[in-house]
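Here is what each chain is made of, one letter per residue.
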Amino acid sequence: MNELLGKHTAILGSTGAGKSGTVAAVLHSLLERGTEAGLANWKPRIVVLDPHNEYSVAFPGHKKLSTDDGSLVLPYWLLNFSETVALVIGKTEFVATSQANIVKVALLKARVEGAKALGLTPAKITVDSPVPYKLSTFIAAVEADKPPQASKQDSHNSILEKLDVLVRDARVAFMMNEWNGAAQDPFSAILLQLVSDGAQPRIVDLSGVPNEVAGVSSAVIARTLFNLKVWQTADERQNDPVLLVCEEAHRYVPNRGEAQYEAAQEAIRRIAKEGRKYGIGLLLVSQRPSEVEATVLSQCNSWIILRITNDADREHVRAILPDSMAGLTKMLSGLRRQEAIFVGQAAVLPSRILIRSLTPEQLPRSNDIDFDKGWQAAALNDAQLSAIASKWRYQTK
Ligand SMILES: Nc1ncnc2c1ncn2[C@@H]1O[C@H](COP(=O)(O)OP(=O)(O)OP(=O)(O)O)[C@@H](O)[C@H]1O
Ligand SMILES: [Mg+2]
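None of these values were measured; they are calculated from a predicted model.

Draft legend 1. Fine view of the packing of helix 4 (residues 97-118) against helix 5 (residues 135-144). The contact between helix 4 and helix 5 brings their axes to 8 Å, and the two run at 135 degrees. Looking at the two axes, helix 4 sits oblique to helix 5. Here helix 4 runs over helix 5; the crossing is right-handed. Of the residues in helix 5, those in contact with Ile-102, Val-105, Ala-106, Leu-107, Lys-109, Ala-110 and Glu-113 of helix 4 are Thr-137, Phe-138, Ala-141 and Val-142. When grouped by side-chain class, the residues that make up the contact of helix 4 with helix 5 number eight nonpolar, one polar and two charged.

Spelled out as structure tokens, the structure:
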């Protein structure tokens, strides 16, 4: 278990091969270990990034953090400088230095104000410090920074417009709700969502988060978990290992340099490289191994590889596996569902294994839609369509 979790593991396979089933099987086994081994205390700490909202049905004791019902709060002030730039400047390949500078100046001003309100030492605050600030202070600082000539205000205006769009978007309310400036520091409450005692696993439902914010959201979660480790004492770290499960890893750590993913790439790459020392393990899941960033995949020390039908992906897997095991990849296209090749430090020997069978209640929600059954039911009526239209328009579930 220590090898599997502590030194990162990748679960790879084509769609429908059983990756999510394998993740659930691993998590169930981890959660059951306390009872099975008769341990007096057993408190696994697991955070699952769940882009399709499929895991919560599989774990009765879970805690769901969702943007739909307000149970997930990742305030804008938690973002560091580069994440804030990603959020308010957006997905352009190239962020002009001048624009980033505007954000930097305003961000520092706003954070200093926040620090004063909370009785923290303003002189010790940087642009990256997770200190609450008011959006209105940030906006005022951008306004104040505008040059007198209207023709030179484009960069400022585009930042303000982007902010305005974000604040109006109901789907992003979990991030954009303004800090109320109350003297009580909200920071530890935010951290408690992810790491406190109690319900496990923590399942972060990212299904309702728009694409452009999904990257930043996963970046903040990964980086927050990592930073928590960095600032813990060595003893605290010993007693608090954390497992981060990244489903559909190719969506957060793609091997392309798109600006909107940069922050997430950075955060997850850092855990892949240094997490072992700090007690934070990665379980990376992907159906497109060739589209996941190579640095991150190559930092994994164990692999559970299910059926892979695509040639490019199989080649890619062959390239990241130790040379002596390259021959195993020949089997990959012929594996049945739930059958896998298990190699790496956590496997005593490279083996062909069968993943334990889970009951329907223990399985992640299948996204398979039954045409046969569906077409025997009545089509949507007017009232149902209006209800859908309303959710669609207001962008809330
Ligand atoms: N361990 C398991 N026990 C029982 N059934 C399983 C198991 N693993 C997979 N299955 C069955 O196979 C189906 C597809 O598996 P799963 O959803 O895990 O595939 P996947 O590789 O995650 O696909 P995708 O890439 O589309 O997410 C499941 O709906 C389930 O019915
Ligand atoms: Mg899946």
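Draft legend 2. View of helix 2 (residues 19-36). For helix 2, built from 18 residues, the straight-helix expectation of 26 Å at 1.5 Å per residue is met to within 8% by its first-to-last C-alpha distance of 25 Å. Residue Leu-30 marks the point of greatest curvature in helix 2, where the axis turns by about 25 degrees. Among the residues making up helix 2, those that are buried are Lys-19, Ser-20, Gly-21, Thr-22, Val-23, Ala-24, Ala-25, Val-26 and Leu-27. Among the residues trailing helix 2, Gly-38 stands out with phi positive, at a value near 60 degrees.

Draft legend 3. Expanded view of the packing of helix 8 (residues 187-195) against helix 9 (residues 211-230). Orientation of helix 8 relative to helix 9, taken along the N-to-C sense of each, is 100 degrees, at an axis distance of 11 Å. With respect to their mutual orientation, helix 8 and helix 9 come out roughly perpendicular. Mapping the contact onto sequence places Leu-191, Leu-194 and Val-195 in helix 8 and Ile-221, Thr-224, Leu-225 and Leu-228 in helix 9. In terms of residue class, the contact of helix 8 with helix 9 is made up of six nonpolar, one polar and no charged.

Draft legend 4. How the structure looks around the domain arrangement of the chain. Segmentation of the chain into domains returns domain 1 (2-73 + 187-362) and domain 2 (77-176). Look at where the C-alpha atoms of domain 1 and domain 2 centre, and you get two points 32 Å apart. Elements supplying a minimum of two residues to the side of domain 1 that touches domain 2: helix 8, helix 9 and helix 12 (262-278). Per-element accounting of the side of domain 1 that touches domain 2 gives the leading share, six residues, to helix 9. Each residue belonging to the side of domain 1 that touches domain 2 can be placed in one class, and the counts come to twelve nonpolar, four polar and three charged.

Draft legend 5. Structural context of the sheet that holds strand 2 (residues 46-50). Spatially, 3-4-2-5-6-1-7-8-9 is the arrangement adopted by the nine strands of the open sheet, whose pairing is mixed. Each end of this open sheet is capped by a strand with a single partner; those strands are strand 3 (63-66) and strand 9 (351-354). The sheet shows a mean angle of 20 degrees between the axes of neighbouring strands, direction not considered. Summarising the sheet, strand 2 and strand 4 (residues 202-205) pair through four bridges and their orientation is parallel.

Draft legend 6. Structural view of unusual backbone geometry. A cis amide bond, omega -10 degrees, links Gln-200 with the succeeding residue Pro-201. Looking at the secondary structure, you find Pro-201 in the loop between helix 8 and strand 4. A positive phi angle, close to 50 degrees, is found at Asn-53, a residue other than glycine. Inspection of the secondary structure puts Asn-53 in the loop between strand 2 and strand 3. Judged by the 20 C-beta atoms lying within 10 Å of it, Asn-53 falls in the buried class.

Draft legend 7. Fine view of the environment of Arg-33. Within the secondary structure, Arg-33 is located in helix 2. Look at Arg-33 and you get partly exposed, because 13 C-beta atoms sit within 10 Å. In sequence terms Arg-33 and Pro-44 are eleven residues apart; their C-alpha atoms lie 9.5 Å from each other.

Definitions and cut-offs
- Residues numbered from 1 in each chain as written.
- Chains lettered and ligands numbered in written order.
- Predicted model: local features only at pLDDT ≥ 70, side-chain atom pairs only at ≥ 80, totals over all residues.
- Axes fitted to C-alpha atoms, helices over the stretch in contact; angles between N-to-C directions.
- Helix = DSSP H or I, 4+ residues; strand = E, 2+ residues; numbered from the N terminus.
- Parallel < 35°, antiparallel > 145°, perpendicular 65-115°, else oblique.
- Left-handed = near helix turned anticlockwise from the far one by under 90°.
- Contact = placed C-beta atoms within 7 Å.
- Nonpolar A, V, L, I, M, F, W, Y, C, P; charged D, E, K, R; others polar.
- Expected span 1.5 Å × (residues − 1).
- Bend = angle between axes of the 7 residues up to and from the residue.
- Buried ≥ 20, exposed ≤ 12 C-beta atoms within 10 Å, placed from the backbone.
- Domains from an automatic or database assignment.
- Pairing = 2+ DSSP bridges.

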